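Secondary and tertiary structure notes
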Amino acid sequence: MEGGAVAPTGNTVAIEDLIDPRRKWYNNRRIITLNAWIVLLLITSSTNGYDESMMNGLQSLTQWRGCFHSPTGSKLGLLNVIQNIGSLAAYPMAPYLSDGLGRRPAIFIGALIMCCATVIQTASQSVGMFIGARFLISFGLTFAANAAPMLVAEISYPTYRAPLTSTYNSLWYRGQSCKATWTTFGTFRIGNTWAWRIPSALQALPSVLQVCLVWFCPESPRYLISKGKDAAALKTLAYYHADGDEKDHLVRYEFEEIKAAIEFDRTIAANVGWKSLFTTPGNRKRMRIIIALAFFSQWSGNGLVSYYLNQVFNSIGLMDPTIQSVIIGILQIWNLFWTLSAAFLVDRIGRRILFMLSILGMFVFFTLTTVRSALFAQRGSDQAAHAVIAFIFLFYAAFDIAFTPLIVSYTVEILPYQLRAKGLSIFNFTISAALIFNRYVNPIALDYLGWKYYIVYVCWLAFEAVFLWFYVVETKNRTLEGTAALFDGEEATRQIAEQAAQQAHIAHGPSDEKPSASFQEDNPGTSNPRH
């Protein structure tokens with residue numbers, strides 16, 4: 001075990017020494033434009049959050065239940081699980097679209113499928129039609145959700161890669177809170193089927209934007225280099241990272257490091273195909289962490305609260321559905337605040353510290369939730385009931401500082417390019433498996449054990465803390481290629497960095513000369529690459 005795991009540093013070029021300190025996200029047109037395209041990619045996660053929350057809201061609407069004759073039994077079960085079935089059908093294909101056609105085409109295909117499926121869902125006249133549309137939505141979403149976070153990580157300016165990639169999963173709460181929860185709450189007073197058709201139609205908005213605009217977004221330089229399009233990759237890096245200057249030290253180093261890392265994966269690490277995910281010690285370390293984080297993200301007590309919060313409220317005597325809806329809506333905004341705050345601190349505080357603070361906070365607050373729930377069950381105390389609500393909010397604050405922003409960004413950055421799409425698919429598949437457990441086991445256990453079932457999660461959280469302490473490696477302030485190479489050993493990290501520095505003619509550290517391109521105005525001699 002890598003007790004107290006810390007990444008080796010080594011005698012390599014420091015990427016921060018190659019970055020022009022004058023070039024910021026707010027004063028450089030190219031970076032502003034790049035970040036605008038990244039926002040287009042980030043809304044994929046909002047679509048996912050909206051989808052889950054909308055379905056929870058629709059099932060509480062009398063207009064929806066009346067239109068579909070209050071589905072029960074196997075139909076209701078299929079309605080709730082169809083999202084997972086659609087995702088499971090797409091997982092094996094998603095990496096081949098992302099790696100074979102490119103990140104942008106994968107997002108376009110996924111978004112186009114979601115647009116068509118949303119039209120069918122909004123126009124549904126039967127449960128079967130609605131279920132079919134739900135399948136297609138999750139099927140298309142899987143393609144987009146595989147490619148989008150990778151493209152964010154692979155085109156971001158180095159200084160902003162970690163915060164932006166961490167923002168990706170953070171915006172799941174934006175879709176859930178600012179759109180689905182409050183949209184459904186706002187339309188439930190409409191006296192006809194538009195009470196559920198309006199929230200359903202609004203689900204298509206992010207996908208419509210992506211279908212229309214994603215082709216203007218830059219393609220991943222990693223993808224371009226992997227396909228032998230080195231000139232296009234260099235042009236893309238230069239255009240967005242150095243105002244078009246292809247001789248810029250940062251651009252040359254990024255370009256050569258990407259080439260060195262891809263060549264290393266192909267020839268030395270043999271990172272090709274699904275089997276290679278588990279054949280080398282470095283890849284087994286990666287997959288151990290990735291699979292664990294996927295399970296932990298759903299099995300930390302949050303699954304109990306997220307999907308059965310109404311039952312939790314009922315167990316403490318809070319029965320009014322309007323009050324329940326308002327509390328849930330406020331909770332999602334609370335979650336969005338904490339997860340976005342943490343996303344922008346990942347390089348200052350570090351992944352490892354955030355994970356440990358998160359798990360320890362969850363352990364403490366979930367334990368207190370358990371104690372207060374027990375007191376309410378035994379004495380019917382109003383104070384205990386109010387304390388449960390307070391501790392749920394505090395528990396989610398702890399959860400949000402790591403297990404929302406970091407699980408996707410950490411997965412993407414520790415995987416080398418050749419395995420990134422496949423590893424991310426396994427991560428998403430594992431989450432689906434954990435969700436199936438949550439949706440079928442948790443309600444049975446809650447009905448049978450009540451608050452005593454919380455004790456199971458208290459014990460599990462203690463196990464998670466031990467696992468994270470021993471296995472999570474700190475990766476802050478590193479390049480994407482440098483981070484991925486950590487798991488292949490210090491020699492691999494050094495070899496890739498030295499080869500990149502040598503090819504970029506900065507073998508003994510960066511030149512004293514700062515990048516010369518203007519940080520305020522575009523270079524009029526360069527055109528915008530759209531490869």
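Residues numbered from 1 in each chain as written. Predicted model: local features only at pLDDT ≥ 70, side-chain atom pairs only at ≥ 80, totals over all residues. Heavy atoms only, no water.

1. Thoughts on the overall build of the protein chain
Across its full length, the protein chain carries 25 helices and zero strands. Counting the 531 residues in the protein chain, one finds 59% classified as buried. The long-range fraction of contacts in the protein chain, counting pairs at least 24 apart against all pairs at least 6 apart in sequence, stands at 83%. (Helix = DSSP H or I, 4+ residues; strand = E, 2+ residues; numbered from the N terminus. Buried < 20%, exposed > 50% of the residue type's maximum accessible area, 1.4 Å probe, protein only. Contact = heavy atoms within 4.5 Å.)

2. Describing the pattern of salt bridges
One pass over the structure, following the stated rule, counts 14 salt bridges. Two residues, Arg420 and Glu154, come together in a salt bridge whose shortest N-O distance is 2.8 Å. Of the two residues, Arg420 is situated in helix α22 (residues 417–449) and Glu154 in helix α6 (residues 127–155); the sequence distance between them amounts to 266 residues. Judged by its relative accessible area of 0%, Glu154 is buried. As a salt-bridge pair, Arg351 and Asp347 come within 2.6 Å of each other at their nearest N and O atoms. Here the salt bridges do not stand alone but share partners, grouping Asp99, Arg103, Glu154, Arg420 and Lys422 into one network. (Salt bridge = Lys/Arg side-chain N within 4 Å of Asp/Glu carboxyl O.)

3. Overview of the nonpolar core
Core analysis: the biggest nonpolar cluster contains 106 residues, and Phe355, Phe403, Tyr410 and Leu468 have the highest contact counts within it. The greatest single-element share of this core, amounting to ten residues, is contributed by α6. When residues no more than four places from it in sequence are discounted, the contact partners of Tyr410 are Ile289, Leu293, Arg351, Phe355, Val472, Val473, Thr475 and Phe487. (Core = buried A, V, L, I, M, F, W, Y, C linked by side-chain atoms within 4.5 Å.)

4. Observations regarding helix α10 (residues 205–213)
Considered for burial, the residues of α10 that qualify are Pro206, Ser207, Gln210 and Val211. Down the axis of α10, the smallest arc covering the buried residues is 135°, so these residues share one side. (Arc of directions from axis to C-beta.)

5. A closer look at the packing of aromatic side chains
Inspection of the entire model under this criterion finds 30 aromatic pairs. A centroid spacing of 5.4 Å and a plane angle of 90° characterise the contact between Trp25 and Tyr26, whose relative ring orientation is edge-to-face. Taken together, the aromatic side chains of Phe355, Phe366, Phe395, Tyr396, Phe399, Phe403, Tyr410, Tyr453, Tyr454 and Tyr457 make up a single cluster linked through ring pairs. Just above the ring of Tyr239 sits the side chain of Arg30; from NZ or CZ to the centre is 3.8 Å. The cationic tip of Lys422 hangs over the ring face of Tyr96; the distance from NZ or CZ to the ring centre is 5.5 Å. (Phe/Tyr/Trp six-rings, centres within 6.5 Å; stacked < 30°, edge-to-face > 60°. Lys NZ or Arg CZ within 6 Å of the ring centre and 35° of its normal.)

6. Some details on the confidence of the model for the protein chain
A low pLDDT means the predicted coordinates there should not be read in detail. Counting all residues, the mean pLDDT for the protein chain is 84, and 84% of those residues have values of 70 or more. The lowest-confidence element of the protein chain is helix α8 (residues 172–187), averaging 61 in pLDDT; the highest-confidence one is helix α12 (residues 230–241), averaging 97. Confidence drops under pLDDT 50 across residues 507–525; counting only partners more than four residues distant or on other chains, this segment forms 40 contacts. (pLDDT = per-residue confidence, 0-100.)

7. Digging into the environment of Ala390
Position of Ala390 among the secondary structure elements: in helix α20 (residues 382–400). Spatially, the C-alpha atoms of Ala390 and Thr369 are 8.7 Å apart, while their sequence positions differ by 21 residues.

8. Observations concerning the side chain of Thr483
Note that Thr483 resides in helix α24 (residues 480–485). Among all residues touching Thr483, those that are not within four sequence positions of it are Arg161, Glu413, Ile414, Thr475 and Arg478.

9. Quick notes on the packing of helix α13 (residues 249–267) against helix α25 (residues 490–503)
The axes of two packed helices give the description: the angle between them and the distance between them. Running from N to C, α13 and α25 cross one another at 135°; their axes reach a closest spacing of 8 Å. Judged on the interaxial angle alone, α25 and α13 are oblique. In the crossing of α13 with α25, the sense of the turn from one axis to the other is right-handed. Across the interface between the two elements, Tyr253, Glu256, Glu257, Ala260, Ala261 and Phe264 from α13 touch Ala492, Gln495, Ile496, Ala497, Gln499, Ala500, Ala501 and Gln503 from α25. (Axes fitted to C-alpha atoms, helices over the stretch in contact; angles between N-to-C directions. Parallel < 35°, antiparallel > 145°, perpendicular 65-115°, else oblique. Left-handed = near helix turned anticlockwise from the far one by under 90°.)

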